[in-house]
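So the chains spell out like this:
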Amino acid sequence: MIPNLKITNKKFSLNRKQWTLFKIIISIMFLVTVIVGGVLLDEERIVTNLSERNSAPSLEHLFGTDWLGRDMFARTVMGLSLSIGVGLIGAIGSTLIALFFGMAAATMGKMADRIISWIIDLFLSVPHLVTLILIAFTLGGGFKGIVIGLTLTHWPSLARVIRAEVMQIRSAEFVHVSQKMGKSRWWIAVHHILPHIVPQLLIGFMLLFPHVILHEAAVTFLGLGLSPHEPAIGIILSESMKYLSSGMWWLAFFPGLCLLIVVRMFDQIGENLRVLMDPTRSHD
């Protein structure tokens, strides 16, 4: 009876991993489709066409049209693609900053650790959105302002996680052996510490992405982000607020719903990667 039970549990564990990997692949395929669709869609799909303005959702216009007759499905897909691109740049920048400060705090001595920990606590004491608005406003908004703001405001939480992980790894026996052999801090960081924190860095990046996209849309909605001429989701939602009282509900409903779906997809990828890379959870 015991061998059969072990075989059953092993099969269940394997199926669990396969199902987690399947969900990751499906989510990635969906997001890639959105990005490619936004890039390949012709600009003529969103040109002004007053003869079809204020059209409700139909087979010809899945998300309806706006007050200028522009196809809302095309605008939404382009806006999502643009938001993902901006979010990607901001998330990569924040991840690199988190990696630098996390590694520096754990490897450059107690004074550096105190200074960096104080900076992390300072940034965490103020909500991301408030700091992002201040930075974007100071830089005059636009693409440059929103990207720099996203990069400089979303790294503290991940930096704290990386710092804790590095401090745990540097106490390992193989690190002490390298130190006794005269290896430099840089050599130990590159060859011993960095390879061990790559999984945490990847998961942290994927979990950071949804917050970056939502905050980009929020700041753009307030008029401090991307240019009004860009088909960004925040701009679409901001413009649609004027027409909701007229019964044109589709202008805000479909773009907002698609934004939430995309954010949820990135969140699911991060959570599933965490399960896949954690042997204790992958066998639950």
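Residues numbered from 1 in each chain as written. Predicted model: local features only at pLDDT ≥ 70, side-chain atom pairs only at ≥ 80, totals over all residues. Heavy atoms only, no water.

**Student:** So what's going on with the overall build of the chain? Which residues, and what values?
**Tutor:** Summing up its helical and strand segments, the chain has 11 helices and zero strands in all. Scanning the chain from its N terminus toward the C terminus, one meets helices and strands in the order α-α-α-α-α-α-α-α-α-α-α. Projected onto its principal axes, the C-alpha coordinates of the chain cover approximately 75 × 60 × 30 Å. The buried share among the 284 residues of the chain stands at 43%. (Helix = DSSP H or I, 4+ residues; strand = E, 2+ residues; numbered from the N terminus. Buried < 20%, exposed > 50% of the residue type's maximum accessible area, 1.4 Å probe, protein only.)

**Student:** Account for the packing of aromatic side chains, with residues named and values stated.
**Tutor:** Across all of its chains, the model carries 13 aromatic pairs by this definition. Geometrically, the ring pair formed by Trp-67 and Tyr-243 is stacked, given 4.3 Å between the ring centres and 10 degrees between the ring planes. Note that Trp-67 is positioned in the loop between helix H1 (2-40) and helix H2 (72-107) and Tyr-243 in the loop between helix H9 (233-240) and helix H10 (250-277), a separation of 176 residues in sequence. With relative accessibility at 17%, the residue Trp-67 sits in the buried group. Between the aromatic rings of Trp-249 and Phe-254, the centroid separation amounts to 5.7 Å while the plane-to-plane angle is 45 degrees, which identifies the pairing as tilted. Under the relative-accessibility criterion, Trp-249 is labelled partly exposed at 45%. A relative accessible area of 16% places Phe-254 in the buried class. Chaining the aromatic ring pairs together yields one cluster made of Phe-63, Phe-73, Trp-249, Trp-250, Phe-253 and Phe-254. The ring centre of Trp-67 lies 5.7 Å from the NZ or CZ of Arg-70, which sits over that ring. (Phe/Tyr/Trp six-rings, centres within 6.5 Å; stacked < 30°, edge-to-face > 60°. Lys NZ or Arg CZ within 6 Å of the ring centre and 35° of its normal.)

**Student:** Describe a nonpolar patch on the surface, naming the residues involved and giving the relevant values.
**Tutor:** Together, Trp-19, Leu-21, Phe-22, Ile-25, Ile-26, Met-29, Leu-202, Leu-276 and Met-277 make up a nonpolar patch on the protein surface, roughly 820 Å² of accessible area in all. Put simply, the parts of the chain that give the nonpolar patch at least two residues each are H1 and H10. At six residues, the largest contribution of residues to the nonpolar patch is made by H1. The topology assignment puts Trp-19 in helix H1. (Patch = residues over 30% accessible without salt bridge, like charges linked within 9 Å, V, L, I, M, F, W, Y side chains within 5 Å. Areas by Shrake-Rupley, 256 points an atom, 1.4 Å probe, with all protein chains shown as cover. Salt bridge = Lys/Arg side-chain N within 4 Å of Asp/Glu carboxyl O.)

**Student:** Please set out the pattern of salt bridges residue by residue, giving values where relevant.
**Tutor:** Counted under the stated rule, the structure contains eight salt bridges. Notably, a salt bridge pairs Arg-75 with Glu-239, separated by 3.4 Å at the nearest N-O pair. Of this pair, Arg-75 sits in helix H2 while Glu-239 sits in helix H9, and the two are 164 residues apart along the sequence. For the residue pair Arg-75 and Glu-239, the accessibility class agrees, reading buried in each case. Arg-274 serves as the salt-bridge partner of Glu-271, at 3.9 Å between the closest nitrogen and oxygen. Here Glu-271 pairs with Arg-274, and both are found in helix H10, just three residues apart, close to one helical turn.

**Student:** Give a detailed account of helix H5 (residues 142-153), specifying residues and quantitative values.
**Tutor:** With 12 residues, H5 should reach 16 Å at 1.5 Å per residue; the first-to-last C-alpha distance of 17 Å fits that figure. Among the residues making up H5, those that are buried are Gly-145, Ile-146, Val-147, Gly-149, Leu-150, Thr-151 and Thr-153. (Expected span 1.5 Å × (residues − 1).)

**Student:** Tell me about the packing of helix H4 (residues 128-138) against helix H8 (residues 185-221), and please be specific about residues and values.
**Tutor:** At a minimum axis distance of 10 Å, the contact between H4 and H8 shows a crossing angle of 50 degrees. Compared by their axis directions, H4 and H8 come out oblique. Helix-helix and strand crossings are classified by hand; for H4 and H8 the assignment is right-handed. Here His-128, Leu-129, Leu-132, Ile-133 and Ala-136 of H4 come into contact with H8, specifically with His-215, Ala-218 and Val-219. In the contact of H4 with H8, the residues fall into six nonpolar, two polar and no charged. (Axes fitted to C-alpha atoms, helices over the stretch in contact; angles between N-to-C directions. Parallel < 35°, antiparallel > 145°, perpendicular 65-115°, else oblique. Left-handed = near helix turned anticlockwise from the far one by under 90°. Contact = heavy atoms within 4.5 Å. Nonpolar A, V, L, I, M, F, W, Y, C, P; charged D, E, K, R; others polar.)

**Student:** Residues and numbers for unusual backbone geometry, please.
**Tutor:** One non-glycine residue, Asn-54, lies in the positive phi region at around 60 degrees. Within the element layout of this structure, Asn-54 appears in the loop between H1 and H2.

**Student:** For a negative patch on the surface, give the residues involved together with the corresponding values.
**Tutor:** A surface patch of like charges, here negative, comprises Asp-42, Glu-43, Glu-44 and Glu-230. As for its position among the elements, Glu-44 is in the loop between H1 and H2. (Lys, Arg positive; Asp, Glu negative; His and termini not counted. Charge placed at Lys NZ, Arg CZ, Asp CG, Glu CD.)

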